[in-house]
Structures are given as structure tokens and as C-alpha cells.
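Descriptive structure summary
Spelled out from the first residue to the last, the chains are:
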Protein chains: 2
Amino acid sequence: MTEREIKIGFAGLGVVGQGVWKHLERNASALEQRLGVRIVLARAAVRDLTKSRGVTITPEQLTDDAIALARDPSLDIVCELIGGTALAREVTLQALAGGKVVVTANKALICTHGAELFQAAAEGGGHYLFEASVCGGIPIIKTMRESLVANRFRLLYGILNGTCNYILTRMERESLTFHETLQDARRLGYVEADEALDLDGWDAAHKAVILAYLAHGKWFNLEDVDVQGIRNIDLPDVQWANSLGYKVKLLGIISRDLDSNRVVIRVHPALISKRNVVANVDDVFNAVSVTGDVVGTTVLIGRGAGQDATASAVISDIADAVSAIRSGSRALSSEVDLEFYRRLGADLALASPAEIRSAYYLRLSVLDRPGVLADVATVLARHEVSIATVIQRSSEETDNPVVSLILTTHECSEASMRCSLHDLDALASVRSRPLLLPIVDFDN
Amino acid sequence: MTEREIKIGFAGLGVVGQGVWKHLERNASALEQRLGVRIVLARAAVRDLTKSRGVTITPEQLTDDAIALARDPSLDIVCELIGGTALAREVTLQALAGGKVVVTANKALICTHGAELFQAAAEGGGHYLFEASVCGGIPIIKTMRESLVANRFRLLYGILNGTCNYILTRMERESLTFHETLQDARRLGYVEADEALDLDGWDAAHKAVILAYLAHGKWFNLEDVDVQGIRNIDLPDVQWANSLGYKVKLLGIISRDLDSNRVVIRVHPALISKRNVVANVDDVFNAVSVTGDVVGTTVLIGRGAGQDATASAVISDIADAVSAIRSGSRALSSEVDLEFYRRLGADLALASPAEIRSAYYLRLSVLDRPGVLADVATVLARHEVSIATVIQRSSEETDNPVVSLILTTHECSEASMRCSLHDLDALASVRSRPLLLPIVDFDN
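Figured I'd write up the structure that's included with this text. Note that the structure is a prediction, hence the values are computed from the model and not measured.

1. Quick word on the interface of chain B and chain A
- Every contact between the two is made by 56 residues of chain B and, on the other side, 56 residues of chain A.
- Regarding the contact of chain B and chain A, the summed buried area is about 4,600 Å², with carbon and sulfur atoms giving 56% of it.
- The tally of links from chain B across to chain A stands at six salt bridges.
- Residue Glu 146 of chain A is joined to Lys 142 of chain B by a salt bridge in which the shortest nitrogen-to-oxygen separation is 2.5 Å.
- Of all elements in the fold, only helix H1 (15-26), helix H2 (28-35), helix H6 (140-147), strand S12 (296-303), helix H12 (307-326) and helix H13 (334-345) of chain B reach the threshold of two or more residues within the side of chain B that touches chain A.
- In terms of residue count, H12 of chain B provides more of the side of chain B that touches chain A than any other element does, nine residues in total.
- Pairing of strand S12 (residues 296-303) of chain A with S12 of chain B, which is carried by three bridges, proceeds in the antiparallel orientation. Along S12 of chain B, the bridge assignment pairs Ile 301 of chain A with Val 299 of chain B.

2. Some points on the packing of helix H6 (residues 140-147) of chain A against helix H10 (residues 202-216) of chain A
Residue and element names in this part refer to chain A.
- Close contact between H6 and H10 brings their axes to 10 Å; oriented N to C, the two are set at 10 degrees. By the angle between their axes, H6 is roughly parallel relative to H10. In contact with Ile 140, Ile 141, Met 144 and Arg 145 of H6, H10 contributes Ile 210, Leu 211, Leu 214 and Ala 215.

3. Quick look at the packing of aromatic side chains
All names here are of chain A.
- Within this structure, the stated rule accounts for 20 aromatic pairs over all chains.
- Between Phe 118 and Tyr 213, the aromatic rings sit 6.2 Å apart at their centres with planes inclined by 15 degrees, giving stacked as the arrangement. Remark: Tyr 213 occurs in helix H10 and Phe 118 occurs in helix H5 (residues 107-124); sequence separation between them is 95 residues.
- Measuring from centroid to centroid gives 4.8 Å for Tyr 213 and Tyr 341, while their planes differ by 40 degrees, and the two rings are tilted. Placement of Tyr 213 in helix H10 and of Tyr 341 in helix H13 (residues 334-345) is noted, with a sequence separation of 128 residues between them. Pair check on accessibility: Tyr 213 and Tyr 341 agree, each one buried.

4. Let's talk about the sheet that holds strand S5 (residues 101-104) of chain A
All names here are of chain A.
- Strand order in the open sheet made by the six strands is S3-S2-S1-S4-S5-S6, with parallel pairing throughout. A single partner strand is all that each edge strand has here, and the edge strands are strand S3 (62-63) and strand S6 (127-129).
- In this sheet, S3 lies alongside strand S2 (residues 37-45) in parallel orientation, the contact comprising two bridges. Counterpart to Ala 44 in the pairing with S3 is Leu 62.
- In this fold helix H4 (residues 87-97) packs onto strand S1 (4-11), strand S4 (77-80), S5 and S6, with an angle of close to 170 degrees to the strand it touches most, S4.

5. Describing the sheet that holds strand S3 (residues 62-63) of chain B
Residues and elements named next belong to chain B.
- In space, the six strands of this open sheet follow the order S3-S2-S1-S4-S5-S6, with parallel pairing throughout. Taken across any chain shown, the strands that pair with only one partner, and hence form the sheet edges, are S3 and strand S6 (127-129).
- Of the pairings in the sheet, the one linking strand S4 (residues 77-80) to strand S5 (residues 101-104) comprises four bridges and is parallel in character. Across the sheet, the residue bridging to Cys 79 is Val 103, located in S5.
- Running at roughly 170 degrees to S4, helix H4 (residues 87-97) makes contact with strand S1 (4-11), S4, S5 and S6 of the sheet.
- Sheet strands touched by H12: S1, strand S2 (37-45), S4, S5 and S6. Its angle to S4, the strand with the most contacts, is close to 160 degrees.

6. Quick notes on the pairing of S1 of chain A
Residues and elements named next belong to chain A.
- The sheet contact formed by S1 and S2 spans eight bridges and is parallel. Among the inter-strand pairings, Ile 6 is bridged to a residue of S2, identified as Ile 39.
- Examined bridge by bridge, S1 and S4 share four bridges and lie parallel to one another. Paired with Gly 9 across the strands is Val 78, a residue of S4.

7. Structural notes on the environment of Arg 152 of chain A
Residues and elements named next belong to chain A.
- Mapped onto the elements, Arg 152 comes out in the loop between H6 and strand S7 (153-159).
- Between the alpha carbons of Arg 152 and Thr 291 there is a distance of 8.3 Å; along the sequence they are 139 residues apart.
- Those residues in contact with Arg 152 that sit more than four places away from it in its chain are Leu 258, Thr 291, Gly 292 and Asp 293.

8. Examining the relation of the copies chain B and chain A
- If you rotate chain B by 180 degrees and push it 0.0 Å along the axis, it lands on chain A with an RMSD of 0.0 Å. Expressed as a symmetry operation, the mapping of one chain copy onto the other fits a two-fold axis. Taking C-alpha positions as reference, the residue of chain B nearest the rotation axis is Leu 300 of chain B, located at 2.3 Å.
- Interface residue correspondence from chain B to chain A reaches 100%, placing this contact among same-surface, isologous pairings.

9. Section: the pattern of salt bridges
- Under the criterion given, the structure shown has 68 salt bridges over all chains.
- Between Lys 249 of chain A and Asp 282 of chain A there is a salt bridge, and its shortest N-O distance comes to 2.8 Å. Highlighted residues: Lys 249 of chain A in strand S9 (residues 246-256) and Asp 282 of chain A in the loop between strand S10 (262-273) and strand S11 (285-292), separated in sequence by 33 residues. Asp 282 of chain A matches Lys 249 of chain A in its accessibility class, with the two residues each being buried.
- One salt bridge connects Arg 262 of chain B with Glu 355 of chain B, and the closest N-O pair in it is separated by 3.7 Å. One end of the pair, Arg 262 of chain B, is in strand S10 (residues 262-273); the other, Glu 355 of chain B, is in the loop between strand S13 (349-350) and strand S14 (357-367), and 93 residues separate them in sequence.
- With relative accessibility at 35%, the residue Arg 262 of chain B sits in the partly exposed group.
- Linked by salt bridges that have partners in common, Lys 142, Glu 146 and Asp 320 of chain A together with Lys 142, Glu 146 and Asp 320 of chain B make up one network.

10. Considering the side chain of His 268 of chain A
- Note that His 268 of chain A resides in strand S10.
- Leaving out residues up to four positions away in the same chain, His 268 of chain A has contacts with Gln 228, Lys 249, Leu 250, Leu 251, Ile 253 and Pro 438 of chain A.

11. Looking at the environment of Leu 250 of chain B
- Mapped onto the secondary structure, Leu 250 of chain B falls in strand S9 (residues 246-256).
- We classify Leu 250 of chain B as buried; its relative accessible area is 4%.

Procedures and definitions
- Residues numbered from 1 in each chain as written.
- Chains lettered and ligands numbered in written order.
- Predicted model: local features only at pLDDT ≥ 70, side-chain atom pairs only at ≥ 80, totals over all residues.
- Heavy atoms only, no water.
- Contact = heavy atoms within 4.5 Å.
- Buried area = accessible area lost by both parts, 1.4 Å probe.
- Salt bridge = Lys/Arg side-chain N within 4 Å of Asp/Glu carboxyl O.
- Helix = DSSP H or I, 4+ residues; strand = E, 2+ residues; numbered from the N terminus.
- Pairing = 2+ DSSP bridges.
- Axes fitted to C-alpha atoms, helices over the stretch in contact; angles between N-to-C directions.
- Parallel < 35°, antiparallel > 145°, perpendicular 65-115°, else oblique.
- Phe/Tyr/Trp six-rings, centres within 6.5 Å; stacked < 30°, edge-to-face > 60°.
- Buried < 20%, exposed > 50% of the residue type's maximum accessible area, 1.4 Å probe, protein only.
- Least-squares fit on C-alpha atoms with pLDDT ≥ 70 in both.

The structure is reproduced here in C-alpha cells:
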């Protein structure tokens, strides 16, 4: 039997690209046997043709013209592993226009141009596969689209950024400050060149926007999502949270009352009960908890980044692409799904602060003098925020007139909390901007 | 556009069957839109035609001849939800011989007749799909076969039986005895009619055998697997484990040094560190941890049983079946995979006790008199078992001459431990059969 050949081109051959190339080469015979085709690592487009790379590739296979590679009619699959949203978008559109399958790990691109790219895939008759773009090795895309196809998603939340989780874990375990652990994370290469992506929550927000689309069928603008990073979290917060039975985790949350057309999408550090499985996911690991209306809650935990975990996800998409190509089918095709998502997402809007309810953790730096707690409590009462616990600690420096006042609240609306923050900020006894963290209370 | 109709027949319409029927009916329009076909709940074969059921079905759609239903040429998909291994096997073989897709939750049948049934699917040109058979709503089959296709599996382990997990969790949380929690589990309907399936570990063992096939390509005999249930675990074990930093969980474990042709498959209660995510999966939840050589460790947690969670998994298989049928493809076809698994599993054998190494927890009931600890320590030393910790507690009844002696050991071979047990049993001061539990030490 003559086996069909599947030719793969790589747009970008950096860390992830080399990982995919290496593992495809190493596993070639098993994969080929399993998939019933011959896999050819045909070409790669790179920026610098002279740079040496950790894979076996001849100079003839290299080009610096990624667009030409995307248009190459001999290729069946293009792995877009360039990153960014400019050249990567053009490469993807060109390849999809030619009916190819594009496999990607590019969350920023999907988050910004997802609607356009999936439309292009449907029109070109190809596919746009992106398992590696959300939480690397965790198969959350396939799980939501295929395994949980019978479900509607009331709640999704999770630890979507491994770098922040690493930092928060080490702070808690070793009583280190944010800046101490950040140094280590940088040294280990865990922090993106653009540090805001990790530390300010944007990487997690990209993933949250993609998950929100998969759950609810609408592409939300990144700018409309409430995103807060971990730069304001310091050791005392982690320790106080711990003493109250919580861990501090940067969470991405997508929640929706299934009977309403309002959805909450947010990324912020939050206090989460230690009894929750997700709270015990530490170090660089990611976790996603999905609550479906049929299956209940399913939690997936794994490596969200790194060459090998991401390569594993890219290869799973390549295998799906091969199945679709080999059967000459549109079995994966997005055109049916697109229409499904379009109807699903019609009339959906982000919830307003008045509609969002949560309990909160509030850290204030206040002057250590009589009447301060009364002032703070009065402000909260004015906005109908009910206090659950109060901790006040004196400074260890005896002549420091500023102390930390930690409050937790019962559930209240975010609008009330924002008004309270505004008024607290105006009190003379409050010396720096209060830190506000939601306390999330999920069953699992 | 005339949509293709996909006709589904149900062999068995019990708890799970009714769940599938109900959710398919409720979600019909969304699913049909997504899959591009019209789904027809055509017929059901039941034992008792007169019994009332919680779904909308006319008398004309019912038959008591499951074999005739399996042969009905108008059906595309048969859901085999009869259970057991006799009629269910015949129904499955008949439907597969006709080129149909059979979807099942029947772990016992796959465990016993998997080789025959997958062969029949390949020969008939249909498919045999079984996501619901292992851990209900947890998509472990799809994850292993598709998402982790680039990986070889060094280690799989997990909490594969929700009933045992429920019992062990309540014992630990509420300081209840095994028998007290068992009464509650029975009352809540959590225990199978054949209690040995749950309590003696056989349900978990069925799943372990299926996972071992998926990981390593060989069907092992259930009789060859080392299976131990939880009937011998009592409150003191759970409490002692807790004081040592562990939880007691019934674990299914499939481990393999990827360079050898030996695999370990076992089901037993074990001590697992509280720092491990799996140790924190409580109540009726299941968890499976998969370590792939590319992706690293991925953990999936969810509901392993129950009408809705199982129905969710069955429907995901139906959706996959529809994709394959709709595209007229063999995209899911097992014939390529079968050959892959055949080569993968060639020459594989179970490891012998001499090859298996573990640390152990050992509880002995001994006479409270001088020299007993010396006797026990001498036996262990003779077999080169090194003691890590010792706890001896006097009985609370002052005139009870028997006390519990708890030992943990460093890693040793199972063969050494078995010889030690044999010799300990022969000591006059040891008053009942010792309880031996492995202490598993997995990174995650």
C-alpha cells in the first residue's frame, strides 16, 4: 500500500518549533503507524538563516520568507510558531486561504483575531487548530469541544499562568517577598521578555478570552476584561490568606448564570480555599476547572508552558489534522461549529460591576491611632459591605506609625466595593492605595 | 440542504441509558447544529417492556430483543448500556459485524473481551467507543489516545472508584469506622449490587486493565493483576497515615520503566502524601494522573460515576461517531490503532514481586509484652527490610493484652516484604494477619 505523505512546514523554529520538530522526528515511526501516513518535516521559515538550531535540518529546507512558505502548495500543514500578531496573522491567513491546516500555540493572535481566523479557516476549507495556545500540555480545548460537547458551561476558572503560580508558590512556601522570587523566576527563564504578559495578567487574560469564546461563543475584547496582575501581592498577603485558610492564586474566571445573557470574565489574584483542589496546584503547573451542566465539575492539571509540554499539544493537533486530511473529510471542520458558536454568543454581554458579587479580602495601610477602624467600618457600612473578619497587626518597627489592617467581607456587589475603595482612599488615615482581592468560593 | 439522519438504538435503558436519552433529547437542537446531522432516538431494547421509564418513548420504539436491535440495518449507532458480559457481548459483536458504531460504558466487558471486540470493530468497518467505561465523566480515554498521542506512558495512577473514595474520605473527615461509612454509602445507593466490585477493588481493576492496554498495547488478565480492596482499612489506619503526612486512597497504578518490557498493574489502598494533588481528591470524585515522556504529568479530576456524568461521556462518543459517519470516513477507525497497539504490547509482561519496589506501611496486632518489637525487627532485618518509623500505642482498654504496632519501611522489594509477612504471621506474639499498604511517592 502506498502511504499518503503529509508535508509539514514550520513558520518559526524557536523553542517550541524545535520541540515539535524533535519529537515528531523521534516518534516518527510510531506516529506514522498510528496515523497511517508518512509524515514529512518539509520546510521551515526562520528570521535568521545562519543561526544554528537543535534539530536536523538542511540549508535547503530553510527559508526566511514565511509568507512564501504559507503559500507553498506542497504543504498540507503549517505550524505557526512565530508568535506576535503581525507576521503570524498574515502567515495564518495565507495558509488558511490555501485550504491548509494551521496549527498554532499563539494565544495573543487568537485572542485578538480569532473571529477573522476561524472564518478564514471555514472559507478556505482547512482548519485552524490551537490546543497548545491555552495552558500548553493541558488538553482543555479538546475537552471542552469534544469530551464535554453535551454540556453548557456555567463556570470555568483556573490557574492559567505558570510563572505567576511559581512566584506565589515560592513566596508562600519559603516566606520570600515578591521581588526575591521574581529574581529567581527571571534567572530560570520563566518570565516572558515582555514581563507584563506574565506579571500583569495579560497572558492569562488571552487564555481567558479564548476559553470564554469556547464556552459561550463570543469574542470579547481584551480591553473590556478586568485584568489585575500579581505585582501588588506581597508576603504578608500570602501569610494572612494562609492564616485564614486560603491560598493566593492568580485566577482566570469565566462565569455565567446559564439563564442570563451576562458573562463575567476576569483575571486577578484571589483567595481560594485550601480545601479546593485548584488551590493545591503549585509551582509552574496550570489548572483549569470546568463545570458543565451535565457532567459536573472536571479539573485538568498539567504543565502550561515549556518546550516539551507545548510540543506535545501541537503534535496532538497535527495528529487530528492528519486524520482529517487522510479521510479526505471535513470532520474537524469549523464551518458547522462557527454557526453554532455564533448563535450561542448572540446577545451575550459582560456583566456590570453591579451584577458581580463576591466576598473580598482588603488590605489597608493605616495610621496607628484611635478611631481609624471606626472610620473604615463606617465607610464600608455606608456602602452596605458587611465585615466578616478583621486583623490588625502593629508594625515590627516600633516607631513606624503605619500598620496593616486586614479585613475580609461577606459577599457584596463589586460596585459597592469599588465605591468603598474610593471613599477609603480619601480617608486621611489610609496611607496607600488599598489592596483588594476577591475571595472565591467554588465547590471545586 | 437535506441533513443526514443518524439513528441511535439503545441496548439497555436503565439509569445511564435514560440519562443519555434525556440529555440527547434536551440538547438536540444545539448538538444537531454543531454536528450537522439530525439525531434520531430510534429504538430501545429492554428486559421488561412494561416498566415505566423517565424518558419519552413510545411502545412501538421498545423491544425486548436486544440482538434484533443490534442487527437492525437502519441503525447507525448502538449504545450498549446493558452491562454484564454475556448478552452485552453478543449485542456488541452483532452490531460491530454490521459495521455500526457501538458506544459503551461497560468496563467489565471491555476488560474481559476487549481484544475480541476491537478486532470485530476493525473487521466490520465500524467503531467501538468506550469513553464512559473508565471514570465516567473524566475524558481519560480521549486524552490518552488523542491529546497525548506524542507520548509514551511511564506512569498512570489514580482514584478509579468513587465509592471507595467516598468511604475513605468520610472515615478521615469524621473519624468514622469503615462499617459506619459503608452503611451510609449503601443508603445513598453508592455501592454496586455486587459489593465486591467496589469494596474489593474489582471495578477499579477493570479500569486499570483498560488503561494498561491504552498505555502499553496489551490486554492483561484481570486474574493476574494484584487487587486488594478497602475492607481491611479501619479508622486507626486512616488516622495513623494522617499523622505521618499521608492519606489512604484506593489507587490503581500502572507503571513501567520505558526501557524494559515489564509493567506493574495493581489496585490497592495506599498511603499517598498529602502534598500530592491526587491525595486531595475527595468524596465520590475520581482522579487519574498520567505521566507522558513528552508532556510530563497531567492530572484529570471529575465525577467517575452517576447518571449525568456517564451520560456526558457517552454523548461525547456519540458526537465522535457522528463526525466519522458524517464524513463517511474511517477517521476514528481502530484498524490502524490495533496494529500500533499490537506492536507496542509485544513481549510485554507483568513484573514479578522481586522487581517491584516500594516503601510500606505495616500494621501488626501484637501482644503487649517485652521482646515483641525485637522479634518483629529481627524478621524484617532478615529480609533486608529497613524500618523508617515505628509507632506503638497501648490499648485504651487496660486489660487488653493486644496493641497495635505501626511500622513504615524504606523502599524494599515486594518479594522481601512478602517473605517478611510470612515470617511475621508465624510469630506467636503477632495476633492477627498484618495489614500491609504501599506508600507511594509520586512527584504528582
